[in-house]
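Report on the structure
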Amino acid sequence: MSASVQSIIASGTSGTIIDVECSLSNNIPYIIIVGFANKAVGEAKERIRGAFVSSRIMLPRKRTTVNLAPADLPKDESSFDLAIAVAILLASQQIPPTLTAHQAFIGELGLEGDVRPVRGVIGKLVAGRGLGITTFFIPASNLQQAQLVPGVELIPIRTLLELYSHLTGLTPQKTVATGAGQNVPLVNTGVTMSVQLSEVAGQDQAKRALTIAAAGGHNLLFSGPPGTGKSMLAKALPSILPPLDHEEVLEVTHLHSLASHNYEHIFTARPFRAPHHSASPAAITGGGTSLRPGEISLAHRGILFFDELPEFGRATLEALRQPLEDRVITVARAKDSAEYPANFMLVATANPCPCGYYGTSGTCRCQEYQIMQYRQKLSGPIMDRIDLYADVHEVQHGKLLGTRDNSAADDDVREEVQRARNMQKARFGNGTQLNAEMTNRDIKQLGRLAPTAKALLDRAALNLHLSARAYMRTIKVARTVADLAASPTIKDDHLSEALTYRSRSYQEQI
């Protein structure tokens, strides 16, 4: 007797239906799993044996062969346990053959018969829905996450015995229809947990750059001596960003579920990832022995903060080129490849020299060649992809202990950023696209650059030796400055302000 049920394997933003086939034969009782399964999948036979015994469900005393098709696709997840158990029950005729091609099973079994949560359930549901599956049997612990996915029906399962009772019709389980997707409280927890912008003393120009970056999703580099508040400014950025919307919560929760063991948590705050400069290129971009998203994907819809940018390895920085331009990254390995979203804001800091005091009131101990070598760690293509450069200066000590409450000013900045983003939402007809993501076609059709502003930009591009990329990015920044001013057209003063953040390349400040 043989039987087949369906499960899902997801890789990046795509997925594949896995047919879990089971065949019983009159040989020595044994369970064998074939179909390019790794050790985690192969050990399912022991988990299933323990779960059947604990649930007092008869395990066929026959040779049980389980095939995971297609057989040439690597399987490295424990989420096939539930489908394998159902295939065995079907093959042994312990449950009626009432399953359809629109149903799939996802879940890991414990030795006591409990159904445990699995990694990346959102991606599996989205992939399965796109492949025509409408009903999913999932672990009850994954239900809260799974309800974010619109247009599917979920049957949460706590134990193998509960699933057996449902499939035999003894105790049907409640079906949860997600409809348009569950709404969760979209509270920007970063507002209360992070540094507030008003806590930074002085630095008005840097704060303005931070506001522009938040409004348009632009990349930003702070340059200045040690102890002037560069890192503090970067950590204040989440406090002025709008909360995630439903679609963004779905994306962020899915990516973090793939990379962590917190399978049940829903992420409602914008990510703020700050990897150490010793992080490997694989940790930043993703990959490893089992493909997982890296820091740039975990910062999706949020912020990737590189403190002391020149201290990061050359290979790590160069790996940022394609994601900064395309907003996605394809992680390719010998056995598999996956594409992950990587739409993040890069915020970085850098000292003017190795000791940090070049061009300041402090005493610089660096030789000119050392300063040049330090700054040349950052390649031209990487620097060209940064939209805003802001100098952070030393602050008078007398201003550091000011106790004036500026919470109202923080609220004003947040409202200003939100208004600018609302203008972008109306412009693009897309709640998630920002000015930083404008294509060349978008700039030509929607940029609305005044003729005098264009003439000013052409002259500046010639004098400042701007590349074609820098030219277009300057227009994007100017478009954001105009949005902050509620102006439908980019005027001369908007463009002039945008140019002030490109006029002095970090590498040319010597």
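Keep in mind it's a predicted model, so treat the numbers as computed, not measured. (Residues numbered from 1 in each chain as written. Predicted model: local features only at pLDDT ≥ 70, side-chain atom pairs only at ≥ 80, totals over all residues. Heavy atoms only, no water.)

1. Quick notes on the overall build of the chain
Of regular secondary structure, the chain possesses 21 helices and 19 strands. For the chain, the C-alpha atoms occupy an extent of roughly 85 × 45 × 45 Å along the three principal directions. In the structure as shown, the chain presents an accessible area of about 22,300 Å², 52% of it carried by carbon and sulfur atoms. The positive charge centre, built from 51 side chains, and the negative charge centre, built from 48, are 2 Å apart in the chain. (Helix = DSSP H or I, 4+ residues; strand = E, 2+ residues; numbered from the N terminus. Areas by Shrake-Rupley, 256 points an atom, 1.4 Å probe, with all protein chains shown as cover. Lys, Arg positive; Asp, Glu negative; His and termini not counted. Charge placed at Lys NZ, Arg CZ, Asp CG, Glu CD.)

2. Focus: the packing of aromatic side chains
Counted according to the given criterion, the structure contains three aromatic pairs. For the pair phenylalanine 306 and phenylalanine 312, a centre-to-centre distance of 4.1 Å together with 10° between the ring planes defines the contact as stacked. This pair shows no difference in class: phenylalanine 306 is buried, exactly as phenylalanine 312 is. A cation over a ring is seen here: arginine 427 above phenylalanine 428, with NZ or CZ 5.7 Å from the ring centre. (Phe/Tyr/Trp six-rings, centres within 6.5 Å; stacked < 30°, edge-to-face > 60°. Buried < 20%, exposed > 50% of the residue type's maximum accessible area, 1.4 Å probe, protein only. Lys NZ or Arg CZ within 6 Å of the ring centre and 35° of its normal.)

3. A few points about the pattern of salt bridges
Summed over all chains, the structure comprises 21 salt bridges. Where arginine 49 meets glutamate 46, a salt bridge forms, and the shortest distance between an N and an O atom there is 3.0 Å. Highlighted residues: arginine 49 and glutamate 46, both in helix 2 (residues 44–55), separated by three residues, approximately one helical turn. Take arginine 49: its relative accessible area is 28%, and that puts it in the partly exposed class. Two residues, lysine 454 and aspartate 458, come together in a salt bridge whose shortest N-O distance is 3.0 Å. Highlighted residues: lysine 454 and aspartate 458, both in helix 19 (residues 451–464), separated by four residues, approximately one helical turn. Aspartate 458 sits in the partly exposed class, given a relative accessible area of 32%. (Salt bridge = Lys/Arg side-chain N within 4 Å of Asp/Glu carboxyl O.)

4. A look at unusual backbone geometry
Most peptide bonds take the trans configuration, and most residues that are not glycine carry a negative phi. In the segment running from alanine 69 into proline 70, the intervening peptide bond is cis, with an omega of 5°. Its identity as a non-glycine residue notwithstanding, glutamine 93 has a phi of 60°, on the positive side. In this fold, glutamine 93 is placed in the loop between helix 3 (81–91) and strand 5 (103–105). Positive phi, close to 65°, is recorded for arginine 327, a residue that is not glycine. Relative to the helices and strands, arginine 327 resides in the loop between helix 14 (321–326) and strand 16 (328–332). Note on arginine 327: relative accessible area 12%, which makes it buried.

5. Some remarks on the side chain of histidine 300
For histidine 300, the location among the structural elements is in the loop between helix 12 (295–298) and strand 15 (303–306). Ignoring anything within four residues of it in the chain, the contact list for histidine 300 reads Glu251, Val252, Leu255, Pro271, Pro341, Ala342 and Asn343. (Contact = heavy atoms within 4.5 Å.)

6. Looking at the sheet that holds strand 5
Spatially, the four strands line up as an open sheet ordered 5-8-9-10, and their pairing is mixed. The strands lining the two open edges of the sheet, one partner per strand, are strand 5 and strand 10 (176–177). Bridging between strand 8 (residues 135–139) and strand 9 (residues 153–157) involves five bridges; their strand directions are parallel. Among the inter-strand pairings, threonine 135 is bridged to a residue of strand 9, identified as glutamate 153. (Pairing = 2+ DSSP bridges.)

7. Some remarks on helix 2
The end-to-end C-alpha separation of helix 2 is 16 Å, in line with the 16 Å expected for twelve residues at 1.5 Å each. On its buried face, helix 2 is in contact with strand 3 (30–34), helix 1 (39–42), helix 3, strand 6 (108–109) and helix 6 (160–167). Backbone geometry just downstream of helix 2 places arginine 56 in the positive-phi region, at approximately 60°. (Expected span 1.5 Å × (residues − 1).)

8. Focus on the pairing of strand 16
Only one face of strand 16 is buried, namely the one carrying Ile329 and Val331, since none of Val328, Thr330 and Ala332 on the opposite face is buried. Hairpin remark: strand 16 followed by strand 17 (residues 337–341), antiparallel, with four residues in the connecting loop.

9. Quick look at the packing of helix 3 against helix 6
It is at 12 Å that the axes of helix 3 and helix 6 come closest, and there the two elements cross at 45°. Here helix 3 is positioned oblique relative to helix 6, judged by the angle of their axes. Seen along the crossing, helix 3 lies across helix 6 with a hand that is right-handed. Between helix 3 and helix 6, the residues in contact are Leu82, Ala85, Val86 and Leu89 and Leu160, Leu163, Tyr164 and Leu167, respectively. In the contact of helix 3 with helix 6, the residues fall into eight nonpolar, no polar and no charged. (Axes fitted to C-alpha atoms, helices over the stretch in contact; angles between N-to-C directions. Parallel < 35°, antiparallel > 145°, perpendicular 65-115°, else oblique. Left-handed = near helix turned anticlockwise from the far one by under 90°. Nonpolar A, V, L, I, M, F, W, Y, C, P; charged D, E, K, R; others polar.)

10. What about the sheet that holds strand 12 (residues 272–273)?
Paired through backbone hydrogen bonds, the strands of a sheet run either parallel or antiparallel to each other. The five strands lie next to each other as 12-15-18-11-19, forming an open sheet whose pairing is parallel. Each edge of the sheet is formed by a strand with only one pairing partner; in this case those strands are strand 12 and strand 19 (388–391). Two strands pair when backbone bridges link them, and strand 12 and strand 15 are joined in this way by two bridges, in the parallel orientation. Its bridge partner lying in strand 15, arginine 273 is registered against leucine 304.

11. Some thoughts on the nonpolar core
If you look at the biggest cluster of nonpolar residues, it comprises 50 residues, and the most contacted ones within it are Leu220, Phe222, Leu233 and Leu237. No other element matches helix 20 (residues 468–484), which puts nine residues into this core. Setting aside its immediate chain neighbours within four residues, phenylalanine 222 contacts Ala206, Leu210, Lys230, Leu233, Ala234, Val347, Ala348, Thr349, Ala350, Ala390 and Val392. Ala83, Val86, Ile88 and Leu163 belong to the second largest nonpolar core, which has 38 residues in total. (Core = buried A, V, L, I, M, F, W, Y, C linked by side-chain atoms within 4.5 Å.)

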